[in-house]
Amino acid sequence: MEKKQQVHNLIILDESGSMESIKPTIIQGFNELVQTIQGIQKQFPEQEHFISLVSFNGLGQKLLHFIDPATKLKQIDDKSYKPDASTPLFDGMGFSINKLKQSLQGQSGYNVLVTILTDGEENASKEFSGNDIKKLVEELKQNRWTFTYIGTDHDVEKIALSLSINNTLIFTKSEAG
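Here the residue numbers are simple positions, counted from 1 along each chain's written sequence. Residues qualify for local features only when their pLDDT is at least 70, as the model is predicted, and side-chain atom pairs are given and counted only at 80 or more; totals for whole chains, interfaces and linings, by contrast, use all residues. Where side-chain values are given, they derive from all heavy atoms of the structure, hydrogens and water being excluded.

> Looking at this structure, how should I read unusual backbone geometry?
Excluding glycine, a negative phi dihedral is what most residues carry, and trans is how most peptide bonds are arranged. A positive phi angle, close to 70°, is found at Ala-85, a residue other than glycine. Runs of H or I in DSSP of at least four residues are treated as helices and runs of E of at least two as strands, each being numbered from the N terminus. The residue Ala-85 is located in the loop between β3 (60-69) and α2 (89-104) in this model. With a phi angle near 70°, Ser-164 is a residue other than glycine that sits in the positive phi range. With respect to the secondary-structure elements, Ser-164 resides in the loop between α4 (156-162) and β6 (167-170). Only protein chains enter the accessibility calculation, which uses a 1.4 Å probe; a residue is then buried when its area is under 20% of its type maximum, exposed when over 50%, and partly exposed in between. Its relative accessible area of 12% is what places Ser-164 among the buried residues.

This is how it looks when you write it as structure tokens:
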């Protein structure tokens, strides 16, 4: 039997205090992402989708899913998503990306889709710099990793480009956004 094409979806979710003001929007956007990933899994049965989900804030990173089947990913709600503390964006990205990279080392036949959801710029990282993240992104883009930066309330395109991420989505802190 032929091995299915593996697709790893890594979601890096900002859970810092400033996200409180857009909590309903983030919950809705995240849940739409869940539905999309699970819909693609059904639409393309020759693909095997895995999910890794890490939320981060100044209190640390939370590994909520790690290389789980996409069917195990649950939507979030008011009770499971609790914004607090500062925004160590680079540490959240570095931790998440390196963890998945190490687990996939030596494997082939997979693609990785990385989605970063944030409302703000870096303000608290201790382990990784923007330059560290840029180098990591540039290295992994050569190995079938695709990065998408989704953000609001800051110069999303400028930050994404500074990290060598070309795919961006900007939303506004409003009902329409």
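> What am I meant to see in the pattern of salt bridges here?
Think of it this way: side chains of opposite charge can pair up when their charged atoms draw near. Put simply, a salt bridge is a Lys or Arg side-chain nitrogen that is within 4 Å of an Asp or Glu carboxyl oxygen. Summed over the entire model, instances satisfying the criterion amount to three salt bridges. Put simply, Lys-62 and Glu-15 hold a salt bridge, and the shortest N to O gap is 3.3 Å. Here Lys-62, found in strand β3, pairs with Glu-15, found in the loop between β1 (5-14) and α1 (23-43); they are 47 residues apart in sequence, far enough to count as distant.

> Which parts of the structure should I look at to understand the packing of α2 against helix α3 (residues 130-141)?
In the contact formed by α2 and α3, the axes pass within 10 Å of each other and the chain directions differ by 30°. Between α2 and α3 lies a crossing of left-handed hand. Of the residues in α3, those touching α2 at Phe-90, Met-93, Gly-94, Ile-97, Asn-98 and Lys-101 are Gly-130, Ile-133, Leu-136, Glu-139 and Leu-140. For the contact of α2 with α3, the residue count by class is six nonpolar, three polar and two charged. Helix axes are fitted only over the stretch in contact, all axes being lines through C-alpha atoms; the angle between N-to-C directions runs from 0 to 180 degrees. Crossing handedness follows the turn of the near helix against the far one: under a right angle anticlockwise gives a left-handed crossing, and clockwise gives a right-handed one. It only takes one pair of heavy atoms within 4.5 Å for two residues to be counted as in contact. We call Asp, Glu, Lys and Arg charged. Ala, Val, Leu, Ile, Met, Phe, Trp, Tyr, Cys and Pro are nonpolar, and the rest, Gly among them, are polar.

Interpretation in functional terms is not warranted from these geometric data alone.
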